[in-house]
Amino acid sequence: MSPAARAATLQARRSARFVAWVRAWRAGLVPCDDAAAEISGDEEHMVSDVPGTWTDVPLADALASLSKLHPDEVRLVLPAPGDPRGLPGPGPFTGAALLAGEGVIAGGLGFVPEVRLHTSGSGDEFETVRWQVFALPQDRPATHEPNTAEAEAELSAELATATRTLAKLDIAQWRPELAGAIEALRKPDSAADLPPGYDPRARRLFARASILDRVLALAEHAAPGGAVNGYEVQQRDAALRPLTTACRRALVAACNAPLL
(Lines give C-alpha, C1' and ligand atoms only; values in the text may rest on other atoms or scores of the structure.)
Protein backbone atom coordinates (compact mmCIF):
# COMPACT_ATOMS: atom_id res chain seq x y z
CA MET A 1 0.00 0.00 0.00
CA SER A 2 1.30 3.43 -0.91
CA PRO A 3 2.16 6.05 1.73
CA ALA A 4 -0.92 8.02 0.70
CA ALA A 5 -3.13 4.97 1.12
CA ARG A 6 -1.73 4.31 4.59
CA ALA A 7 -2.34 7.94 5.53
CA ALA A 8 -5.87 7.64 4.21
CA THR A 9 -6.68 4.88 6.71
CA LEU A 10 -5.18 6.45 9.83
CA GLN A 11 -8.41 7.76 11.31
CA ALA A 12 -11.92 8.84 10.50
CA ARG A 13 -13.06 12.39 11.05
CA ARG A 14 -13.22 13.30 14.71
CA SER A 15 -16.89 14.24 14.49
CA ALA A 16 -17.67 10.87 12.88
CA ARG A 17 -15.98 9.03 15.75
CA PHE A 18 -17.77 11.27 18.25
CA VAL A 19 -21.20 10.53 16.79
CA ALA A 20 -20.68 6.80 16.32
CA TRP A 21 -19.37 6.12 19.81
CA VAL A 22 -21.73 8.48 21.64
CA ARG A 23 -24.69 6.87 19.87
CA ALA A 24 -23.44 3.41 20.87
CA TRP A 25 -23.08 4.62 24.47
CA ARG A 26 -26.57 6.12 24.53
CA ALA A 27 -27.91 2.82 23.18
CA GLY A 28 -26.35 1.05 26.16
CA LEU A 29 -23.87 -0.88 24.03
CA VAL A 30 -20.62 0.58 25.41
CA PRO A 31 -19.69 2.36 28.68
CA CYS A 32 -19.30 6.14 28.63
CA ASP A 33 -15.60 5.95 29.51
CA ASP A 34 -14.97 3.57 26.61
CA ALA A 35 -16.76 5.93 24.23
CA ALA A 36 -14.64 8.88 25.39
CA ALA A 37 -11.46 6.83 25.01
CA GLU A 38 -12.35 5.72 21.49
CA ILE A 39 -13.19 9.26 20.42
CA SER A 40 -9.94 10.66 21.82
CA GLY A 41 -7.58 7.93 20.66
CA ASP A 42 -4.02 9.11 21.30
CA GLU A 43 -5.00 12.78 21.41
CA GLU A 44 -6.00 15.02 24.29
CA HIS A 45 -9.60 16.21 23.89
CA MET A 46 -11.00 19.12 25.91
CA VAL A 47 -14.45 20.70 25.64
CA SER A 48 -15.36 24.38 26.02
CA ASP A 49 -18.65 25.96 27.12
CA VAL A 50 -20.37 22.80 28.33
CA PRO A 51 -23.58 23.89 30.11
CA GLY A 52 -22.99 24.24 33.85
CA THR A 53 -19.20 24.57 33.56
CA TRP A 54 -16.91 27.58 33.77
CA THR A 55 -13.76 26.22 32.20
CA ASP A 56 -12.64 23.63 29.67
CA VAL A 57 -13.37 20.08 30.79
CA PRO A 58 -12.12 16.66 29.66
CA LEU A 59 -14.21 14.93 27.02
CA ALA A 60 -15.40 12.21 29.39
CA ASP A 61 -16.81 14.86 31.75
CA ALA A 62 -18.48 16.73 28.88
CA LEU A 63 -20.32 13.62 27.71
CA ALA A 64 -22.31 13.69 30.96
CA SER A 65 -24.34 16.55 29.43
CA LEU A 66 -25.61 14.07 26.82
CA SER A 67 -26.64 11.34 29.27
CA LYS A 68 -30.38 11.78 28.64
CA LEU A 69 -30.28 11.75 24.86
CA HIS A 70 -31.69 9.05 22.63
CA PRO A 71 -29.12 7.73 20.11
CA ASP A 72 -31.11 9.19 17.22
CA GLU A 73 -30.70 12.68 18.70
CA VAL A 74 -26.95 12.51 18.04
CA ARG A 75 -26.21 13.26 14.38
CA LEU A 76 -23.17 13.87 12.21
CA VAL A 77 -23.05 16.86 9.87
CA LEU A 78 -20.35 17.34 7.22
CA PRO A 79 -21.26 20.64 5.54
CA ALA A 80 -19.38 22.33 2.73
CA PRO A 81 -19.74 25.71 1.01
CA GLY A 82 -22.88 25.51 -1.07
CA ASP A 83 -24.00 22.32 0.66
CA PRO A 84 -25.17 23.11 4.23
CA ARG A 85 -27.14 19.86 4.46
CA GLY A 86 -28.03 18.97 8.05
CA LEU A 87 -27.23 22.35 9.59
CA PRO A 88 -29.85 24.04 11.79
CA GLY A 89 -29.87 27.36 9.95
CA PRO A 90 -27.86 30.57 10.42
CA GLY A 91 -26.05 30.91 13.73
CA PRO A 92 -22.71 30.41 15.50
CA PHE A 93 -22.78 26.61 15.24
CA THR A 94 -23.49 26.70 11.52
CA GLY A 95 -20.64 29.13 10.91
CA ALA A 96 -18.17 27.10 12.95
CA ALA A 97 -19.24 23.79 11.38
CA LEU A 98 -18.91 25.20 7.86
CA LEU A 99 -15.43 26.49 8.68
CA ALA A 100 -14.36 23.14 10.15
CA GLY A 101 -16.20 21.07 7.55
CA GLU A 102 -17.72 18.92 10.28
CA GLY A 103 -19.75 19.02 13.46
CA VAL A 104 -22.06 17.13 15.80
CA ILE A 105 -25.69 17.83 16.63
CA ALA A 106 -26.54 16.34 20.03
CA GLY A 107 -30.01 17.27 21.18
CA GLY A 108 -29.99 21.02 21.80
CA LEU A 109 -26.20 21.29 21.62
CA GLY A 110 -23.74 21.46 18.77
CA PHE A 111 -20.09 20.39 18.99
CA VAL A 112 -17.35 21.49 16.58
CA PRO A 113 -13.73 20.30 16.85
CA GLU A 114 -10.72 22.57 16.52
CA VAL A 115 -7.33 20.90 16.08
CA ARG A 116 -4.36 22.65 17.66
CA LEU A 117 -0.76 21.85 16.75
CA HIS A 118 1.89 22.03 19.47
CA THR A 119 5.64 21.57 19.57
CA SER A 120 7.29 19.99 22.58
CA GLY A 121 10.56 21.16 24.10
CA SER A 122 12.35 18.40 22.18
CA GLY A 123 10.89 19.59 18.89
CA ASP A 124 8.25 16.86 18.51
CA GLU A 125 4.91 18.01 17.12
CA PHE A 126 1.61 16.80 18.54
CA GLU A 127 -2.05 17.72 18.27
CA THR A 128 -4.74 18.42 20.81
CA VAL A 129 -8.44 18.84 20.10
CA ARG A 130 -10.75 21.44 21.58
CA TRP A 131 -14.48 20.91 21.09
CA GLN A 132 -16.53 24.10 21.14
CA VAL A 133 -20.12 23.68 22.37
CA PHE A 134 -22.95 25.80 20.96
CA ALA A 135 -26.59 26.12 21.96
CA LEU A 136 -28.79 25.23 18.97
CA PRO A 137 -32.11 26.88 18.03
CA GLN A 138 -35.16 24.91 19.17
CA ASP A 139 -36.90 25.18 15.80
CA ARG A 140 -34.71 23.47 13.25
CA PRO A 141 -35.70 22.59 9.68
CA ALA A 142 -36.05 18.91 8.91
CA THR A 143 -33.49 17.63 6.43
CA HIS A 144 -33.50 14.50 4.29
CA GLU A 145 -30.53 12.20 4.77
CA PRO A 146 -29.84 9.32 2.38
CA ASN A 147 -30.01 5.87 3.95
CA THR A 148 -27.02 3.58 3.75
CA ALA A 149 -28.27 1.78 0.64
CA GLU A 150 -28.78 5.05 -1.24
CA ALA A 151 -25.46 6.47 -0.08
CA GLU A 152 -23.59 3.28 -0.99
CA ALA A 153 -25.03 3.27 -4.49
CA GLU A 154 -24.20 6.95 -5.00
CA LEU A 155 -20.64 6.48 -3.74
CA SER A 156 -20.02 3.48 -6.00
CA ALA A 157 -21.36 5.32 -9.05
CA GLU A 158 -19.32 8.46 -8.42
CA LEU A 159 -16.17 6.45 -7.69
CA ALA A 160 -16.51 4.58 -10.98
CA THR A 161 -17.02 7.82 -12.91
CA ALA A 162 -14.09 9.56 -11.21
CA THR A 163 -11.80 6.57 -11.75
CA ARG A 164 -12.50 6.57 -15.49
CA THR A 165 -11.83 10.30 -15.74
CA LEU A 166 -8.61 10.11 -13.72
CA ALA A 167 -7.41 7.19 -15.83
CA LYS A 168 -7.82 9.31 -18.97
CA LEU A 169 -5.75 12.03 -17.31
CA ASP A 170 -3.05 9.45 -16.57
CA ILE A 171 -3.09 10.25 -12.87
CA ALA A 172 -0.84 7.26 -12.21
CA GLN A 173 1.99 9.09 -13.98
CA TRP A 174 1.85 12.44 -12.18
CA ARG A 175 0.30 11.40 -8.84
CA PRO A 176 1.23 7.70 -8.39
CA GLU A 177 0.60 7.75 -4.63
CA LEU A 178 -2.92 9.14 -5.14
CA ALA A 179 -3.65 6.51 -7.78
CA GLY A 180 -2.45 3.83 -5.37
CA ALA A 181 -4.63 5.17 -2.61
CA ILE A 182 -7.71 5.08 -4.83
CA GLU A 183 -6.89 1.50 -5.78
CA ALA A 184 -6.73 0.65 -2.06
CA LEU A 185 -10.43 1.55 -1.82
CA ARG A 186 -11.22 -1.82 -3.36
CA LYS A 187 -10.00 -3.43 -0.13
CA PRO A 188 -11.10 -1.20 2.77
CA ASP A 189 -9.01 -1.33 5.93
CA SER A 190 -10.86 -3.17 8.70
CA ALA A 191 -9.32 -0.78 11.25
CA ALA A 192 -11.76 1.90 10.11
CA ASP A 193 -14.71 0.44 11.96
CA LEU A 194 -17.84 1.47 13.81
CA PRO A 195 -18.71 0.53 17.40
CA PRO A 196 -21.24 -2.19 18.32
CA GLY A 197 -24.80 -1.68 17.15
CA TYR A 198 -24.23 -0.90 13.45
CA ASP A 199 -25.28 -3.33 10.74
CA PRO A 200 -22.83 -4.79 8.16
CA ARG A 201 -23.84 -2.35 5.40
CA ALA A 202 -23.19 0.69 7.61
CA ARG A 203 -19.82 -0.78 8.63
CA ARG A 204 -18.83 -1.47 5.04
CA LEU A 205 -19.89 1.99 3.92
CA PHE A 206 -18.08 3.68 6.80
CA ALA A 207 -14.84 1.80 6.16
CA ARG A 208 -14.87 2.62 2.46
CA ALA A 209 -15.88 6.25 2.86
CA SER A 210 -13.35 6.84 5.66
CA ILE A 211 -10.48 5.78 3.41
CA LEU A 212 -11.81 7.81 0.50
CA ASP A 213 -12.24 10.86 2.73
CA ARG A 214 -8.52 10.81 3.50
CA VAL A 215 -7.60 10.23 -0.15
CA LEU A 216 -9.66 13.22 -1.25
CA ALA A 217 -8.10 15.39 1.45
CA LEU A 218 -4.67 14.46 0.06
CA ALA A 219 -5.80 15.26 -3.48
CA GLU A 220 -7.17 18.63 -2.41
CA HIS A 221 -3.98 19.76 -0.70
CA ALA A 222 -1.45 18.18 -3.05
CA ALA A 223 0.04 20.41 -5.72
CA PRO A 224 0.21 18.71 -9.14
CA GLY A 225 3.49 18.08 -10.87
CA GLY A 226 4.91 20.45 -13.43
CA ALA A 227 3.86 18.22 -16.32
CA VAL A 228 0.20 18.83 -15.55
CA ASN A 229 -1.40 21.81 -17.26
CA GLY A 230 -4.23 23.99 -15.99
CA TYR A 231 -6.83 22.17 -18.08
CA GLU A 232 -5.87 18.82 -16.59
CA VAL A 233 -6.06 20.26 -13.08
CA GLN A 234 -9.55 21.57 -13.80
CA GLN A 235 -10.56 18.16 -15.16
CA ARG A 236 -9.21 16.44 -12.07
CA ASP A 237 -11.03 18.82 -9.76
CA ALA A 238 -14.25 18.41 -11.74
CA ALA A 239 -13.95 14.62 -11.43
CA LEU A 240 -13.32 14.71 -7.70
CA ARG A 241 -15.98 17.28 -6.74
CA PRO A 242 -19.06 15.01 -7.03
CA LEU A 243 -17.06 12.16 -5.50
CA THR A 244 -16.24 14.36 -2.50
CA THR A 245 -19.93 15.14 -2.03
CA ALA A 246 -20.85 11.46 -2.27
CA CYS A 247 -18.16 10.60 0.26
CA ARG A 248 -19.47 13.12 2.79
CA ARG A 249 -23.00 11.83 2.37
CA ALA A 250 -21.80 8.26 2.81
CA LEU A 251 -20.06 9.06 6.09
CA VAL A 252 -23.17 10.85 7.37
CA ALA A 253 -25.44 7.98 6.33
CA ALA A 254 -23.19 5.37 7.96
CA CYS A 255 -22.72 7.19 11.26
CA ASN A 256 -26.39 8.23 11.53
CA ALA A 257 -27.75 4.82 10.53
CA PRO A 258 -30.30 3.16 12.84
CA LEU A 259 -28.66 0.98 15.49
CA LEU A 260 -29.56 -2.67 15.84
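Bear in mind that the values here come from a model prediction, so they are computed numbers and not experimental data. (Residues numbered from 1 in each chain as written. Predicted model: local features only at pLDDT ≥ 70, side-chain atom pairs only at ≥ 80, totals over all residues. Heavy atoms only, no water.)

**Student:** Got a sec to walk through the pairing of strand 5 (residues 109–119)? Specific residues and values, please.
**Tutor:** Where strand 4 (residues 103–106) lies against strand 5, three bridges are found, and the strand directions are antiparallel. Pairing of Ile-105 across the sheet is with Gly-110, part of strand 5. Hairpin connection, strand 4 to strand 5: the antiparallel pair is bridged by two residues, and Gly-107 has positive phi, about 65 degrees. Here strand 5 hands over to strand 6 (residues 125–135) after five residues, with Gly-123 in that stretch at a positive phi of 95 degrees. (Pairing = 2+ DSSP bridges. Helix = DSSP H or I, 4+ residues; strand = E, 2+ residues; numbered from the N terminus.)

**Student:** So, the nonpolar core: which residues are in play, and what are the values?
**Tutor:** Phe-18, Val-47, Leu-63, Leu-66, Phe-111 and Leu-155 are the most contacted members of the largest nonpolar core, which has 54 residues in total. It is helix 10 (residues 230–255) that provides the largest number of residues to this core, a total of ten residues. Excluding residues within four positions of it along the chain, Leu-66 makes contact with Phe-18, Val-22, Trp-25, Arg-26, Ala-106, Leu-109 and Phe-111. Among the nonpolar cores identified, the runner-up in size contains eight residues, and Leu-87, Phe-93, Ala-97 and Val-112 belong to it. (Core = buried A, V, L, I, M, F, W, Y, C linked by side-chain atoms within 4.5 Å. Buried < 20%, exposed > 50% of the residue type's maximum accessible area, 1.4 Å probe, protein only. Contact = heavy atoms within 4.5 Å.)

**Student:** Describe helix 5 (residues 92–100), with residues and values.
**Tutor:** Side chains three or four residues apart in an α-helix point the same way, a direct result of the helix having 3.6 residues per turn. Within the sequence span of helix 5, burial applies to Phe-93, Thr-94 and Ala-97. With its buried residues spanning 95 degrees around the axis, helix 5 presents them on a single face. Away from the buried face of helix 5 by more than 90 degrees, exposed residues Pro-92 and Leu-99 are located. In the core, the buried residues of helix 5 are packed alongside strand 3 (74–77), strand 4, strand 5 and strand 6. (Arc of directions from axis to C-beta.)

As far as function goes, none of this settles anything; it's purely spatial.
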